[in-house]
Amino acid sequence: MVRQFLVSFLLFVFYSTYHSHAGKVVEVPQEFPGHTSRPINHLVKSPDTFNPKHYQQEKLKKEGACIFNSLFAGIMHTSYGRKQIQERIGPQDDKSVQIRFWFPNAEIMGKYDFVYKEDIKTCEDAIKGMSELLNSDEYDESGKDDIRKDIEEVKNSLKNAPLLWEKILYLHQTSVRVPKKFVWKNGGGSFPESNPEWLNLIQQAYMKITKHSYLTTSFGGYSRSDEDILEEDVFTGVPFCTLIPRTYGFPDGYTNNIEDPCQQILKFFPLIDIPFKEVKIITSEMTGLNLEEIKDVSAKLHPDNSVSYQPLTYQTNTDFAHTHGLSKDLLMEPNVIQFSSAGHEVALFFGSNKVYYYDNVVFPDQIEIYGEEGPIYTEALYFKDHGLDTMTEETFFINLFKEIHHRGKQVAKIRNQPENSQTKIRFFTRALKDL
């Protein structure tokens, strides 16, 4: 009888949780902690044309949004991307606007429940380990009280985990309601003041919707300690949405972290329904790609669950590019490559048989380097007047990696940081165009 009641109760909880997420709206706070705001008194709509100035930030104001803004600019560089973003902006009234992001549906997200299961197991193991400590003579009563508090904290995490996982399964049905206020922060790495109002509202909604413990990232950003907007949250190092339990490191001399071969990895930018891929590269001024230094590894899972690694070798730039899912056709159809240089993210935009270099930061020393004031939006040096339509695949990729190397040196000089030939490139796995 008790068991039947428990089963019925759990089914009721699951049913209630499932349906509570349908069409759910989450709220950005009326007052963003630590920020200044001004009201928006008109209809909010993203533009039909691309303006590179919309996505800039100013270094002297300590604004930091290059990761989000430069890739977002690459999306808005295409007619397909602009249409997708326009569709993200939903119902609005005088006081607020609803924004819906793209997330994979529950069926796709559910394939990555190993992230959730690992979290559950970690909590259970922690509770077991700390409970054993209570039975030892290693701690006095005061120390055991601290352990009991830790146990209760982990138990709460264990209790909340199913609810958090249910929430992520239904993010695709969730909208974010944002107050119609332009929000910025003086002297802090948050929401660039020169960005247009429609973009500022999307940035705020993005911060809110991605403050979720199961959407992981390998670098900083805003606080993940709470899904509420906190005063210490700043819009810098914003994460892309990644569902991956762990990566394996490899000895020095190997470029990539090795992703767990027995797990699938989902990486996406929830403004567009195309997954992206990240690849670490080492570039050379002479050859574009330093093939001798790039030692990616193929991981093989054995029946006993052990993993062995086999270094990959590349004969040409094209061989490397194709191995990692890059092709000339993929890029020359409207696409974008974002890459990191001296702690800053810049991008190359492709389309209409041209390649443009984009750097969204306004920096005091950049006129000396670029010859113009930011943001920098100019034809890529190694592709300008080179007959892209007739360029061979090999020449294309040699020039691509030379461009990345050259721009990295420029960014390092502007930012007064040492040059680094190793960088990470990020690109969409499908062209940004109407299918």
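Throughout, a residue's number is its position along its own chain's written sequence, starting from 1. Given that the model is predicted, a residue must reach a pLDDT of at least 70 before its local features are reported, and side-chain atom pairs must reach 80 or more before they are shown or counted; all residues, however, enter totals for whole chains, interfaces and linings. With hydrogens and water stripped out, all remaining heavy atoms of the structure feed into the side-chain values.

1. Some thoughts on the sheet that holds strand S20 (residues 376–379)
Heads up, the condition is: Note on pairing: DSSP must find at least two bridges between two strands before they are called paired. For helices the rule is a DSSP run of H or I covering at least 4 residues; for strands it is a run of E covering at least 2, with both sets numbered from the N terminus onward. For this analysis, residues touch if any pair of their heavy atoms sits within 4.5 Å. To define axes, lines are fitted to C-alpha atoms, for helices over the stretch in contact only, and angles between the resulting N-to-C directions are given on a 0 to 180 degree scale.
Reading across from one edge, S13-S12-S21-S16-S17-S18-S20 is the order of the seven strands in this open sheet, with antiparallel pairing throughout. Since the sheet does not close on itself, it has two edges, and those belong to strand S13 (288–289) and S20, each with one partner. Note that strand S18 (residues 354–359) and S20 share four bridges and pair antiparallel. For tyrosine 358, the partnering residue across the bridge sits in S20 and is tyrosine 377. Across the sheet, helix H2 (residues 66–76) lies against strand S16 (335–341), strand S17 (344–351), S18 and strand S21 (422–428), angled at about 5° from S17, the strand it touches most.

2. Regarding the pattern of salt bridges
Operational definition: Just to be clear on terms, a salt bridge is a Lys or Arg side-chain nitrogen sitting within 4 Å of an Asp or Glu carboxyl oxygen. Think of it in three bands: residues with accessible area under 20% of the maximum for their type are buried, residues over 50% are exposed, and the middle band is partly exposed, with areas taken using a 1.4 Å probe on protein chains only.
For the structure on display, the rule yields 18 salt bridges. Taking the shortest distance from any N to any O, the salt bridge between aspartate 113 and lysine 117 comes out at 3.5 Å. Aspartate 113 gets classed as partly exposed once you look at its relative accessible area, which sits at 24%. Residue classification places lysine 117 among the exposed positions, given a relative accessible area of 51%.

3. Examining the side chain of threonine 423
As a reminder, the rule being used: For the purposes of these results, a polar contact is taken to be a pair of N or O atoms within 3.5 Å, where, inside protein, one atom must be able to donate a hydrogen and its partner to accept one; residues adjacent in sequence count only when each atom of the pair is a side-chain atom.
Mapped onto the secondary structure, threonine 423 falls in strand S21. Note on threonine 423: relative accessible area 7%, which makes it buried. A polar contact is formed between the side chain of threonine 423 and the backbone oxygen of serine 340, at a distance of 2.2 Å. Residues in contact with threonine 423, not counting those within four places in the same chain, are Val279, Lys280, Ile281, Phe339, Ser340, Ser341 and Ile404.

4. Here we look at the packing of H2 against helix H3 (residues 79–88)
In a packed pair of helices, the relevant descriptors are the angle between the two axes and the axis-to-axis distance. Note the following rule: Roughly parallel means an angle under 35 degrees; roughly antiparallel means over 145; roughly perpendicular covers 65 to 115; every other angle is labelled oblique. In this count, Pro and Cys sit with the nonpolar residues alongside Ala, Val, Leu, Ile, Met, Phe, Trp and Tyr, while Asp, Glu, Lys and Arg are called charged and the others, Gly among them, polar.
The geometry of H2 relative to H3 is characterised by a closest axis approach of 6 Å and an angle of 110° between their N-to-C directions. With respect to their mutual orientation, H2 and H3 come out roughly perpendicular. In this structure, H2 uses Phe72, Ile75 and Met76 to contact H3, whose residues at the interface are Gly81, Arg82 and Ile85. When grouped by side-chain class, the residues that make up the contact of H2 with H3 number four nonpolar, one polar and one charged.

5. With respect to the packing of aromatic side chains
A ring pair, where both rings are aromatic, is described by two values, the distance of the centres and the angle of the planes. In plain terms, the rule: Aromatic rings from Phe, Tyr and Trp, taking only the six-membered ring of Trp, are treated as a pair when their centres fall within 6.5 Å; an angle between ring planes under 30 degrees marks them as stacked, one over 60 as edge-to-face, and anything in between as tilted. Our definition puts a charge over a ring when NZ of Lys or CZ of Arg is within 6 Å of the ring centre and also within 35 degrees of the ring normal.
For the structure shown, the criterion picks out 34 aromatic pairs. Relative to phenylalanine 72, the ring of phenylalanine 68 lies with its centre 5.5 Å away and its plane at 15°, an arrangement referred to as stacked. Of the two residues, phenylalanine 68 and phenylalanine 72 both sit in helix H2, four residues apart, roughly one turn of that helix. It is arginine 407 that lies over the ring of tyrosine 357; its NZ or CZ is 4.2 Å from the centre.

6. Let's talk about the sheet that holds strand S4 (residues 89–92)
Strand order in the open sheet formed by four strands is S1-S6-S5-S4, with mixed pairing between adjacent strands. One side of each edge strand has no neighbouring strand; the edge strands of this open sheet are strand S1 (25–27) and S4. With strand direction ignored, the average angle separating the axes of adjacent strands in the sheet is 30°. In terms of strand pairing, S4 meets strand S5 (residues 96–100) through two bridges, oriented antiparallel. Bridging across to S5, isoleucine 89 finds its partner in isoleucine 99. Across the sheet, H3 touches S4 and S5, and the angle it forms with S4 is around 30°. Taken strand by strand, helix H7 (residues 197–209) contacts S1, S4, S5 and strand S6 (175–179), and its axis lies near 130° from that of S6.

From the geometry alone we can't say anything about function, so treat these as descriptive.
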